[in-house]
Amino acid sequence: AFLCLRRGRWGWAALLGRVAARARPSGGLVAIPAAIEAIQGLRSAPWGDRLGRLASVAAPIAGLVGFLAWVGHRFGNWRLPFTVQDDLRGRLVLPPSRIVEGFG
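This section reports on the structure supplied with the text. (Residues numbered from 1 in each chain as written. Predicted model: local features only at pLDDT ≥ 70, side-chain atom pairs only at ≥ 80, totals over all residues. Heavy atoms only, no water.)

For the protein chain, the helix and strand inventory stands at 6 helices and 0 strands. The N-to-C order of helical and strand elements in the protein chain reads α-α-α-α-α-α. Residues classed as buried in the protein chain amount to 27% of the 104 residues present. The contacts of the protein chain with a sequence gap of at least 6 include a subset with a gap of at least 24, amounting to 50%. Within the structure as shown, the protein chain displays about 7400 Å² of accessible surface, and the carbon and sulfur contribution to it stands at 66%. (Helix = DSSP H or I, 4+ residues; strand = E, 2+ residues; numbered from the N terminus. Buried < 20%, exposed > 50% of the residue type's maximum accessible area, 1.4 Å probe, protein only. Contact = heavy atoms within 4.5 Å. Areas by Shrake-Rupley, 256 points an atom, 1.4 Å probe, with all protein chains shown as cover.)

With that settled, the discussion passes to the packing of helix H2 (residues 10-23) against helix H4 (residues 47-75). Two elements in contact, H2 and H4, have axes separated by 7 Å at closest approach and are oriented at 10 degrees. The angle between the axes of H2 and H4 places the two elements in the roughly parallel class. Residues Trp10, Ala13, Ala14, Gly17, Arg18, Ala21 and Arg22 of H2 form the contact with H4, whose own contacting residues are Asp49, Gly52, Arg53, Ala55, Ser56, Ala59, Pro60, Ala62, Gly63, Leu64, Gly66 and Phe67. Grouping the constituent residues of the contact of H2 with H4 by class yields 10 nonpolar, 5 polar and 4 charged. (Axes fitted to C-alpha atoms, helices over the stretch in contact; angles between N-to-C directions. Parallel < 35°, antiparallel > 145°, perpendicular 65-115°, else oblique. Nonpolar A, V, L, I, M, F, W, Y, C, P; charged D, E, K, R; others polar.)

Two elements in contact, helix H3 (residues 31-39) and H4, have axes whose closest approach is 8 Å; the angle formed by their N-to-C orientations is 170 degrees. What the angle tells us is that H3 and H4 run roughly antiparallel. Along its contact with H3, which presents Ala31, Ala34, Ala35, Glu37 and Ala38, the element H4 presents Arg53, Ser56, Val57, Pro60 and Ile61. Taken together, the residues that form the contact of H3 with H4 break down as 7 nonpolar, 1 polar and 2 charged.

Written out as structure tokens, the structure is:
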């Protein structure tokens, strides 16, 4: 997605951004660099190119919303991807600490 954004291949960037967001919630963050790249040269871009730029920004957001809607429907809690790493005692457990615990 990042390579397509940099090269101005907006359709591919939109597709890959959506796939990234559907795979993991953090994939929705692809919208931020997409917006940065889309803004550059926006004034001189033709209308078709502007629509592609808009799609490359909106697609990761739409993918994230779709993913969270599916999680909410399937598991009854749309926030589950964000809270699944919370320990039962209520403390936040980061993945690197889980890896270290695994070696222990």
